[in-house]
Amino acid sequence: MTALREAALTQAAPLPRPSSEMMRPERLAALQPSRLSVTRALVNKLVRERWDISVERFDVDETASGTVVYSIKAPRQEFSFIAFSRPPSRKARTGRIIGQSWDMMGTLNEGPATEADIRSAREELPKLYRGRATPNALVWCRSNRSMRVFDQTLAALAEGRQPSIDELAQVCYLMRNTGLDGNGTFGTRPFPSLGPDHALGRPLEAQLLTAYLMREYSCDLVEHLARLASPKAVPLDPAIRRYLGVGNGSALGLIFFIHKHPQLISSFIAAREQAIAIARGLPLEKGDLRIGTLLALVRRAITFRRQDRMVYETFASSAEVADDLEKVAAALAELHETGLVDGRRAVYPLDALAERFEKALQPESFETYLSLLIELVPDEADALLPSIGGPDEVNVSPAERVGSLSALIQKQYRWALDIDMSGPDAYKYVWYKSEAAEEPRRGAREEVPEALDLGLDICGGVQSLLADLGREAPDLSVARFLVKYPAHRYLVARIQTLRDLPYHTPMANINAEDFIPIHLVRLMNVGIHGIDKTRDFLRRNLRGVLYHGAPTPAEIRAGRAEFWAYPAEPR
């Protein structure tokens, strides 16, 4: 046993970062896609299990009107994706839920597609909120073309040539997701009823498999239309097809999702932090192949960032991240060659580097390093995936005493108690649903004085609850307390249910003027969903790319297991 490995037996291994650090909105916004992000974990599962995704029917005419059916076969279960293609129209065209015109509407169903399923979907999907899904429907979806890029790609393929990479790289997709609805919406099957043994039983898998199918549909559609337009048409080069993802836009509704699913949020961050801690605790020495693996991944991320054409308003530019990652690469090269960190031997060198990078790099760059560390412990990370999830319900523990609950609040919600809720800016904004658009909005309270505030006021609620608890005897039961103060029931249930979870609630007053909504939207889109190239608009909306570089169905069927994220532009 080497001296370094002997030292590892006595020196404490790195631990997950504390909630006081992780649950700050600016830190949550910096989290980067990782092996545990839903899209990446899902694709890894599809490849490992060799799912068979194939086209069963592609009846679309030269105007782009028709019906498409995909078969999706998992090892022990079968699904179908039924899609209806429409000629693109600029009338009533929007990515918002008030839209009335989409280039594709579809449904992901359990079981093979029957004529009855197809007929029902054709009738019900266009009704949207007035429509009703069949009992085997999991997700309803909608998407629109990126008109310029789709048309350029179609023209190129019809002429017998590949589309311009420079043009494709401007957006990196042919179609954009404009809606993924499930879990009971429109009568779709509720996800809790699926159970852990279901092929899509983990959180968000059904929605994000549907997004993958959107990506495949967009590529199949452009190739099909090119063939109808010209006898000399060619298919997309496989490298280009792999490079293309599906576009995605998200806004304020994801903040409601975070507050409604605290156990899911906590379990995801806990799994990610545990995997990172395991990787940071690897006792690596000079020449270790895992250092070379990590260095290759970092260099891949550098190329990806250097080629990124997106413009970022609120967050670090890709050029800045690439510059930071060059410093990471240099440090890893030194570690691989000499076994040293800053000229010294470290028991846990990746942890020592992390401590240095946290102080020296942009948050996004540092979190990229941490996300890539997880690739060094794939088995340990994948073993954490079943822990991600949790019920939405919160329940009161009626026998607990007021004194115990008060102590819990003072210990775990000190951050909320320390925020001044008496100042003029504490309730500057209100969260409400637009009557016209049926969408979540955040507006100045003085501009919508009649609005019902739909936001979760953790800070004000905790302060009010603690004040009322202080008016009662410490040995009073929570049950009797709530008889007297019923308005606190939900918050008491939430606090009691989440008491043992470290990462359940972002530490912020979401009604304050200085709260930046895009921070929490980015947590969902980037860290949890695994979306790349997320650029923000007005610090409220995000647009990005799902499945950027993901394997094709043929590669999934063949079990082609390789790291696919951070794709380079195909040349």
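Up top is the structure.
Asks: Looking at this model, I keep getting lost on unusual backbone geometry. Mind explaining?
Replies: What is expected of a backbone is that most residues other than glycine have negative phi and most peptide bonds are trans. Its identity is not glycine, yet A64 carries a phi of approximately 80°, on the positive side. Mapped onto the fold, A64 is located in the loop between strand 1 (52-60) and strand 2 (66-73). Positive phi values are uncommon outside glycine, yet Y547 reaches one of about 60°. Tracing the chain through its elements places Y547 in the loop between strand 11 (541-546) and helix 23 (553-557). The class of Y547 is buried, set by a relative accessible area of 1%.

Asks: Sorry if this is basic, but what is going on with the packing of aromatic side chains here?
Replies: Note on aromatic pairs: each is described by the distance of the centres and the angle between the planes. Inspection of every chain in the model, using the stated rule, returns 12 aromatic pairs. Look at Y70 and F81: their rings are 6.1 Å apart centre to centre, the planes differ by 45°, and that puts the pair in the tilted class. Of this pair, Y70 sits in strand 2 while F81 sits in strand 3 (residues 78-85), and the two are 11 residues apart along the sequence. Where F357 meets Y369, the ring centres are 4.9 Å apart and the plane angle is 85°; that geometry is what we call edge-to-face.

Asks: I keep staring at the pattern of salt bridges and nothing clicks. Help me out?
Replies: It is possible for side chains bearing opposite charge to pair when their charged atoms get close. Within the structure shown, the criterion is met by 40 salt bridges. Between R241 and E216 there is a salt bridge; the shortest N-O distance is 3.0 Å. Highlighted residues: R241 in helix 9 (residues 238-243) and E216 in helix 8 (residues 205-229), separated in sequence by 25 residues. With relative accessibility at 12%, the residue R241 sits in the buried group. K327 is paired through a salt bridge with D324; the nearest N and O atoms lie 3.7 Å apart. With a gap of 3 residues between them, K327 and D324 both fall in helix 13 (residues 318-338), about one helical turn apart.

Asks: Teacher, can you tell me more about the nonpolar core here?
Replies: For soluble globular proteins, the rule of thumb is that nonpolar side chains tend to be buried together. Within the largest apolar cluster, 165 residues are counted, with the highest numbers of intra-cluster contacts made by W51, I72, L350, Y369, I409 and Y547. For this core, the element with the highest residue contribution is helix 8, accounting for 13 residues. Not counting the four nearest positions on each side in its chain, L350 is found in contact with A279, R280, L282, L284, L294, L332, L335, Y369, L373 and L376. Of all hydrophobic cores here, the second largest spans 13 residues; its members include F84, W102, M105 and F186.

Asks: Any chance you could explain the environment of P25 here in plain terms?
Replies: Along the polypeptide, P25 turns up in helix 3 (residues 25-30). Between the C-alpha atom of P25 and that of F515, which follows or precedes it by 490 residues, the distance is 8.7 Å. When sequence neighbours within four positions are dropped, the list of residues in contact with P25 reads M507, A508, H519 and L520.

About the thresholds
- Residues numbered from 1 in each chain as written.
- Predicted model: local features only at pLDDT ≥ 70, side-chain atom pairs only at ≥ 80, totals over all residues.
- Heavy atoms only, no water.
- Helix = DSSP H or I, 4+ residues; strand = E, 2+ residues; numbered from the N terminus.
- Buried < 20%, exposed > 50% of the residue type's maximum accessible area, 1.4 Å probe, protein only.
- Phe/Tyr/Trp six-rings, centres within 6.5 Å; stacked < 30°, edge-to-face > 60°.
- Salt bridge = Lys/Arg side-chain N within 4 Å of Asp/Glu carboxyl O.
- Core = buried A, V, L, I, M, F, W, Y, C linked by side-chain atoms within 4.5 Å.
- Contact = heavy atoms within 4.5 Å.

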